[in-house]
Amino acid sequence: MPYPNGTSRTSFLQQFRDLIQDMEECEDRELKDSLRLEDTKIRVPVPALPLQILLGGEDGHRLNLYPEAKFNTHGRMQRTGDYLLFDPMQYFSGLSGFLRLTDGEAVTLGRDNPVQRQLLQYPKMVDGQHLRLKLSPKGLALKNKSATLGACVAPLTSEDLIGRMVSWRLKKFERLAEILGGPIEQPSKTEAQDLIERVVSLMESEPYRVPNESGRVSGLLALPDGPRPIFVGDLHAHIDNLLVILTQNGFLEAIEDGSAALILMGDAVHSDVDGEEDRMDTSMLMMDLVFRLKLRFPERVFYLRGNHDSFTEDVSKAGVPQGLMWEKALRDKRGAKYLHAMERLYDRLPYVAVSKRYLACHAGAPSTAPSASALADIRENPKLAYELTHVRMRRGSSPSGYARGDVARMRKTLGLDPDIPLVVGHTPLSDDDTCWWDAGGIPNHHVVFGANSRWIGVITSIGKQLLPLRYPVEPLLEIYNRFVRTGRFVDPPERRASETVTST
């Protein structure tokens, strides 16, 4: 199960009941053992069950606090030690936001925080500073800060609610398996050739390409404003990271129903793991997965060209000539015809995606003003193509990169408002994160990187704003393939969804 065993649950509930014996309960009779928070700080044990928190009176804004769980190498789910706080009406039914509460961290819930307003969709009844939470080994401390409507907290004891997070996640695997129609494994040469040829053919007339005078495939995507973008940065053959995104939140459902578009920021190939830079099998599997998604959702999945989407000798990492090794591996394992098809695919990839709500490219803003016509006819502008895939943000160690003025000029020449977000990949700013906001001190300039070994982050729209969301990486390729082949996540099979999670 997703929480400690029955004995631990009983102990938690007893301690909670002992705590509220002499305190006022909430009037909401749907919540058993509810606790109305007064002015004094209350500390409950570290939650062994999910909690419901009510902000703003008996008809207030409901939030759930669930222990975060992730798959381990055996296919079981276990607690990470963190907790997720979210609106259950949104979280389990669509693409939504959440807050993560970690050990030793304190957070004050309220409308004064603009990010929280977007992530949790606070109504007006929530005060500017409403409730303070702090998690520690001693327990969860709660302090009501609302002078008017207050807050209530109660354990969720229903078996359906206890196992809801797990069963919700497992259903996403079932749907992904239906969409992909089989395991993620090396296909035969014939199957691989057929797959890439169908994608190359599709890219000849990819939806939303801006036409150009030369008649060649355009380098510019003008995407509709309606669908929410889901930006995923450089994956570098980390298939597990992409599978996390496809089985978290409401991402897959939103791509399916057309309310979101998945925008992969290039560089899906070439491992960046120390000692594995020369391994190309995982890069092949990654591109096969991207191709299958593109064919299934041609108007909702897009792949922008990055600097590693190439066979040139200057593509290297840790002294390994990855571009050349990629070329050799494709020729050796899939044949010269497949290699030629990949070259044709590279020549047809878009470089920039734009809408009235965002602008995106792999690397960064070029040093020259990139008109829409120049981007559309990108094959006639090799310098522009190079800058969009190679240039890095100007920093102390890279004074020749792009800067704030280049970003502003790119927005202006494309007819965009000056505060439209530019989302790029290519340049992770540290080794321990995956999204960087207002990177380099440039307002509305965000970096997303998808190859972190611990976290995978996305940038997407919650409400009307782009915001980052981050998830723990899980060993999902093996788990997904086991499920597709056997119908089981673990061996032997678990008894039921609500019992597939163990505590750490």
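For the structure, see preceding data.
Definitions and cut-offs
Residues numbered from 1 in each chain as written. Predicted model: local features only at pLDDT ≥ 70, side-chain atom pairs only at ≥ 80, totals over all residues. Heavy atoms only, no water. Helix = DSSP H or I, 4+ residues; strand = E, 2+ residues; numbered from the N terminus. Rg over C-alpha atoms; globule rule 2.2 N^0.38 Å. Buried < 20%, exposed > 50% of the residue type's maximum accessible area, 1.4 Å probe, protein only. Contact = heavy atoms within 4.5 Å. Lys, Arg positive; Asp, Glu negative; His and termini not counted. Charge placed at Lys NZ, Arg CZ, Asp CG, Glu CD. Patch = residues over 30% accessible without salt bridge, like charges linked within 9 Å, V, L, I, M, F, W, Y side chains within 5 Å. Areas by Shrake-Rupley, 256 points an atom, 1.4 Å probe, with all protein chains shown as cover. Salt bridge = Lys/Arg side-chain N within 4 Å of Asp/Glu carboxyl O. Pairing = 2+ DSSP bridges. 1 Å grid on protein atoms, 1.4 Å probe; cavity = no way out; pocket = protein on both sides within 12 Å on 5 of 7 lines; lining within 4 Å. Points joined across faces, edges and corners; volume = space filled by probe spheres on them. Nonpolar A, V, L, I, M, F, W, Y, C, P; charged D, E, K, R; others polar. Polar contact = N/O pair within 3.5 Å; in protein donor to acceptor, adjacent residues only side chain to side chain.

Caption draft 1: Representation of the overall build of the protein in the model. Counting its regular elements, the protein contains 15 helices and 22 strands. For 504 residues, the compact-globule formula gives about 23 Å, and the C-alpha radius of gyration of the protein, at 24 Å, lands near that figure. Counting only C-alpha atoms, the protein reaches 80 × 55 × 40 Å along its principal axes. For the protein, the residues scored as buried account for 57% of the 504 residues in total. Taking contacts inside the protein between residues at least 6 apart in sequence as the whole, the part at least 24 apart equals 69%. Counting 63 positive and 67 negative side-chain charges, the protein places the centres of these two groups 1 Å from one another.

Caption draft 2: Structural context of a positive patch on the surface. Taken together, the side chains of K41, R43, R132, K134, K138 and K145 present a region of like positive charge at the surface. Here K138 is to be found in the loop between β8 (131–136) and β9 (139–144). A residue is classified by how much of its surface remains accessible, and K138, at 67% relative accessible area, is exposed.

Caption draft 3: Summary view of the pairing of β9. The buried fraction of β9 amounts to five of the six residues, a majority that puts the element mostly inside the structure. Looking at chain direction, strand β2 (residues 42–44) and β9 are connected through three bridges and run antiparallel. Counterpart to R43 in the pairing with β9 is A141. Examined bridge by bridge, β8 and β9 share six bridges and lie antiparallel to one another. Looking across to β9, one finds that L133 is bridged to L142. From the end of β8 to the start of β9, which pair antiparallel, there are two residues.

Caption draft 4: View of the layout of surface pockets. In this model, the largest pocket occupies a volume close to 510 Å³. Mapped by element, the contributors of at least two residues to the lining of the largest pocket are β6 (99–101), α3 (114–120), β18 (435–436) and β21 (465–472). In terms of residue count, β21 provides more of the lining of the largest pocket than any other element does, four residues in total. Grouping the amino acids of the lining of the largest pocket by side-chain chemistry returns 13 nonpolar, four polar and four charged.

Caption draft 5: Fine view of the side chain of E68. Turning to its location among the elements, E68 is positioned in strand β4 (residues 61–71). A polar atom in the side chain of E68 sits 2.8 Å from the side chain of R100. Residue contacts for E68: discarding those within four places in its chain leaves Q78, R79, T80, D82, Y83, L84, R100 and P472.

In short, geometric facts, not functional conclusions.
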